[in-house]
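One-letter residues, chain by chain:
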Amino acid sequence: MNKSNPISEELIAPCGMNCAICSRYLAYLNNLKRSQCVGCRPGDKRCSYLFKKCSGINNTLKGIATANFCFECDQFPCKQINRMDDRYRNNYRMSVKDNLEDIKKNGIGKFIQEHYRKYCCSECGELISIHNRKCFKCDTITRLVEKY
Ligand SMILES: [Zn+2]
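Parameters at a glance
- Residues numbered from 1 in each chain as written.
- Predicted model: local features only at pLDDT ≥ 70, side-chain atom pairs only at ≥ 80, totals over all residues.
- Heavy atoms only, no water.
- Helix = DSSP H or I, 4+ residues; strand = E, 2+ residues; numbered from the N terminus.
- Buried < 20%, exposed > 50% of the residue type's maximum accessible area, 1.4 Å probe, protein only.
- Contact = heavy atoms within 4.5 Å.
- Areas by Shrake-Rupley, 256 points an atom, 1.4 Å probe, with all protein chains shown as cover.
- Salt bridge = Lys/Arg side-chain N within 4 Å of Asp/Glu carboxyl O.
- Donors = N, O, S within 2.8 Å, 3.2 Å for Na, K, Ca; no water.
- Tetrahedral: all angles 85-135°; square planar, octahedral: opposite > 155°, others 65-115°.
- Axes fitted to C-alpha atoms, helices over the stretch in contact; angles between N-to-C directions.
- Parallel < 35°, antiparallel > 145°, perpendicular 65-115°, else oblique.
- Arc of directions from axis to C-beta.
- Patch = residues over 30% accessible without salt bridge, like charges linked within 9 Å, V, L, I, M, F, W, Y side chains within 5 Å.

Chemist: Requested: an account of the overall build of the protein chain, with residues and values cited.
Modeler: Tallying secondary structure elements over the protein chain gives five helices and zero strands in all. Each helix (α) and strand (β) of the protein chain, taken in turn from the N terminus, gives the series α-α-α-α-α. Residues classed as buried in the protein chain amount to 44% of the 148 residues present. Here the analysis covers contacts within the protein chain between residues at least 6 apart in sequence; of these, 51% occur between residues at least 24 apart. For the protein chain, the accessible surface area stands at approximately 8300 Å², while carbon and sulfur atoms represent 46% of it.

Right, here's the structure in full:
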């Protein structure tokens, strides 16, 4: 694959979610008539999943663009991120806590490379959605090499 990586660092949310493979971000990218989102950091949104109940770094910092990752919080892992992690592991076979662990250990550059390889459409090389494994460009469903 010689394409440059479409996952930019700012698309990795503080909680370890990869916005680049979120259905709402891909809807935005491909200009689909459905719920769209530019991504957590690019939209300067506070954390969409944890914010309302977050009493750690995502809540106290002004905006999340300047915040780094939940693992830097003294409350990590909190109840909210554990709950989100359960939901993503059970429904989408991705662990945001494992993502954070990878980022912490190997750096974000390596993480986004691995994610591009893992969530790449088998037909056209665009990113697929973590939520339904679908490529929003060519409609192919890609089977993932399961980790869990
Ligand atoms: Zn495709």
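Moving on from the model shown.
Chemist: So what about the pattern of salt bridges? Which residues, and what values?
Modeler: Using the criterion set out here, one finds four salt bridges in the structure. Linking Asp85 and Arg89 is a salt bridge whose minimum nitrogen-to-oxygen distance equals 3.0 Å. A residue pair is termed a helical-turn pair when its members lie 3 or 4 positions apart in one helix, as Asp85 and Arg89 do in helix 3 (residues 79-92) at four residues. Of the residues examined, Asp85 reaches a relative accessible area of 3% and is grouped as buried. Between Glu114 and Lys110 there is a salt bridge; the shortest N-O distance is 3.9 Å. Taken as a pair, Glu114 and Lys110 lie in helix 5 (residues 108-118) at a separation of four residues, close to a single helical turn.

Chemist: Can you lay out the coordination of the zinc ion for me, pointing to particular residues and giving the numbers?
Modeler: Looking at the metal site, the zinc ion is ligated by Cys121 (SG), Cys124 (SG), Cys135 (SG) and Cys138 (SG), spaced 2.2 to 2.3 Å from it. Classification of the site at the zinc ion as tetrahedral follows from its four donor atoms and the range of 102 to 120 degrees in their angles at the metal. Between consecutive donors of the zinc ion, the numbers of intervening residues give the motif C-x2-C-x10-C-x2-C. With Cys124 in the segment after helix 5 and Cys135 in the segment after helix 5, this residue pair connects regions lying 11 residues apart in the sequence. Judged by its relative accessible area of 31%, Cys124 falls in the partly exposed class. Cys135 sits in the buried class, given a relative accessible area of 0%.

Chemist: So what's going on with the packing of helix 3 against helix 4 (residues 96-106)? Residues and values would help.
Modeler: Orientation of helix 3 relative to helix 4, taken along the N-to-C sense of each, is 110 degrees, at an axis distance of 8 Å. In terms of their interaxial angle, helix 3 and helix 4 are classed as roughly perpendicular. Note on element contacts: helix 4 touches helix 3 through Val96, Lys97 and Leu100, opposite Ile81, Asn82, Met84 and Asp85.

Chemist: Would you mind going over helix 5 in detail, with residue names and values included?
Modeler: A turn of α-helix holds 3.6 residues, and therefore any two residues three or four places apart point the same way. Listed in full, the buried residues belonging to helix 5 are Ile108, Phe111, Ile112, His115 and Tyr116. Along helix 5, the residues classed as buried sweep out an arc of 135 degrees about the axis, all on the same side. Those residues of helix 5 that are exposed and aimed more than 90 degrees away from the buried face are Gln113 and Arg117. Here the buried face of helix 5 lies against helix 4.

Chemist: Please provide a residue-by-residue account of the environment of Gln75, values included.
Modeler: Residue position: Gln75 is located in the loop between helix 2 (57-60) and helix 3. The contact partners of Gln75, leaving out residues within four places of it in the chain, are Ser55 and Gly56.

Chemist: So, a nonpolar patch on the surface: which residues are in play, and what are the values?
Modeler: Side chains of Tyr28, Leu29 and Val38 sit close together on the surface and give an oily, nonpolar patch of about 250 Å² of accessible area. Tracing the sequence through the fold places Val38 in the loop between helix 1 (23-29) and helix 2.

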